[in-house]
Amino acid sequence: MTKVFTIANQKGGVSKTTTARHLAYFLGKMGKRVLVIDNDHQGNLTQYFGYDPIKVDETTGSMFHVYSEDRPMRDVIIGTSGGVKIAPAALSLAEAGARLAFEVDSNGVLKHALKDIKDEFDVVLIDCGPNLERLLINALMASQFVLIPSKTDAMSSSGIPALAQTIAKVRRSNPSLQVFGVLPTIYHRGRTADDAALINLQKQAEGAGIRVFDPIPAATNYDKAAAECRPVFELFPDTPGRHEYETLAKIICEI
C-alpha cells in the first residue's frame, strides 16, 4: 500500500522542504517510486528540484490547476531522476487555497486527485507551507502519516500544539491519520539553547506518545546545495545529517 506523508509545521524555517527533498533522495536511491507534492505557494520545493515555478505553471501546469481546475494530477507531474517525480507549485496556489472555501468538498480535493495515480508510487511526500489553511487540511485528509520537522528552538516547537489540534480534528474524517514523529532540525550540538530546546521537545513528545527522531545537525552546506538545486549529499557527501536522513528513509520503507 502506498504510504502518504504530510510534512508540516505551523512555523516556517524549520527545514520542511529540505526534509522532503532529502527523504525523496534517499528513498529514490533505495529503489522506491516517490512522488513529492509541493503544497506551498512559495514553490520552494519546486525550485529545489530545478524547476522554475512560473514556467511550469504556464506550461505543464501546477497544483493550482489540480485544486482549482480539476486537472488530473498525472498531467502536472514532472519526472526527475532516480525514480522521484514532483507535482510542482507556484504563487498561483495561494489563489487556489482561497477558492477552496467555495468548494462543496473543500477538504477532500487532494485526496480525490491522488486516487488515480497513488498506486503508481510507493511513497508520497506532501510538503506544506507554514500555516493551518485549507491546503494543509487537504494534505492531512489525503495522508496516513504526519512528519513534523521542528528547529531546536522554543519558537519552532511552539507550533506543534496547534498542528496537533488540527490533526485531532482531521482524524474525525480520516481516522487512519497518525503522527509519524517529530524531526528536530538545524541542531547545533553543544549549544546550550539548542540542547535545552531538544530536551524540552523530547519531553513534550514523550508525554504525548510521539516519537522523536535523531536530530539533523545544522550545516551551511544545505543552503549551498539548495542554491544549486541539488541534494546536499550529491555535492557534499560528508555533510552532517546524512546518516539521520538515510535512517529515517529506511524507517519509512519498513512501516
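Here goes a summary of the coordinates provided. From a predicted model like this one, the values you see are computed outputs, not experimental measurements.

**Structural notes on the sheet that holds strand β6 (residues 145-151)**
By definition, the strands of a sheet pair up through backbone hydrogen bonds, in either a parallel or an antiparallel sense.
Phase 1 of the analysis: Pairing is mixed across the open sheet formed by 7 strands, whose spatial order is β3-β4-β2-β5-β1-β6-β7. Only two strands of the sheet have a single partner each, and these edge strands are β3 (78-79) and β7 (178-185).
Phase 2 of the analysis: Two elements, strand β2 (residues 34-39) and strand β5 (residues 123-128), share 6 bridges in a ladder whose sense is parallel. Along β5, the bridge assignment pairs L35 with V124.

**Structural notes on the packing of aromatic side chains**
Phase 1 of the analysis: In the structure shown here, the tally under the stated rule is 7 aromatic pairs.
Phase 2 of the analysis: Judged by centre distance (4.8 Å) and plane angle (20°), the ring pair of F5 and F145 falls under stacked. Taken together, the residues span a long stretch of sequence, with F5 in strand β1 (residues 3-7) and F145 in strand β6 at a distance of 140 residues. Just as F5 is buried, F145 falls in that class too.
Phase 3 of the analysis: Seen from their ring centres, F5 and F180 are 5.1 Å apart, and the 80° between their planes marks the pair as edge-to-face. One end of the pair, F5, is in strand β1; the other, F180, is in strand β7, and 175 residues separate them in sequence. Both residues of the pair, F5 and F180, count as buried.
Phase 4 of the analysis: Here the aromatic residues F5, F145, F180 and F213 are joined through ring pairs into a cluster of three or more.
Phase 5 of the analysis: Above the face of the F49 ring, R21 is positioned so that its terminal group lies 3.9 Å from the ring centre.

**What to know about helix α8 (residues 134-141)**
Since one α-helical turn is 3.6 residues long, residues separated by three or four positions face the same way.
Phase 1 of the analysis: Counting buried positions along α8 gives 7 out of 8 residues, so the element sits mostly inside the fold.
Phase 2 of the analysis: Of the positions making up α8, those classed as buried are L135, L136, I137, N138, A139, L140 and M141.

**As for the nonpolar core**
Phase 1 of the analysis: Counting residues in each nonpolar core, the largest one holds 41 residues, and the members touching the most others are L35, I37, M63, Y67, M73 and L110.
Phase 2 of the analysis: No other element matches α8, which puts 6 residues into this core.
Phase 3 of the analysis: Discounting chain neighbours no more than four positions away, the residues touching M73 are L35, I37, M63, V66, A87, L110, A113, L114 and I117.
Phase 4 of the analysis: In terms of nonpolar packing, the next biggest core, distinct from the first, is built from 34 residues, F5, A20, L23 and L147 among them.

Basis of the calculations
- Residues numbered from 1 in each chain as written.
- Predicted model: local features only at pLDDT ≥ 70, side-chain atom pairs only at ≥ 80, totals over all residues.
- Heavy atoms only, no water.
- Pairing = 2+ DSSP bridges.
- Helix = DSSP H or I, 4+ residues; strand = E, 2+ residues; numbered from the N terminus.
- Phe/Tyr/Trp six-rings, centres within 6.5 Å; stacked < 30°, edge-to-face > 60°.
- Buried < 20%, exposed > 50% of the residue type's maximum accessible area, 1.4 Å probe, protein only.
- Lys NZ or Arg CZ within 6 Å of the ring centre and 35° of its normal.
- Core = buried A, V, L, I, M, F, W, Y, C linked by side-chain atoms within 4.5 Å.
- Contact = heavy atoms within 4.5 Å.

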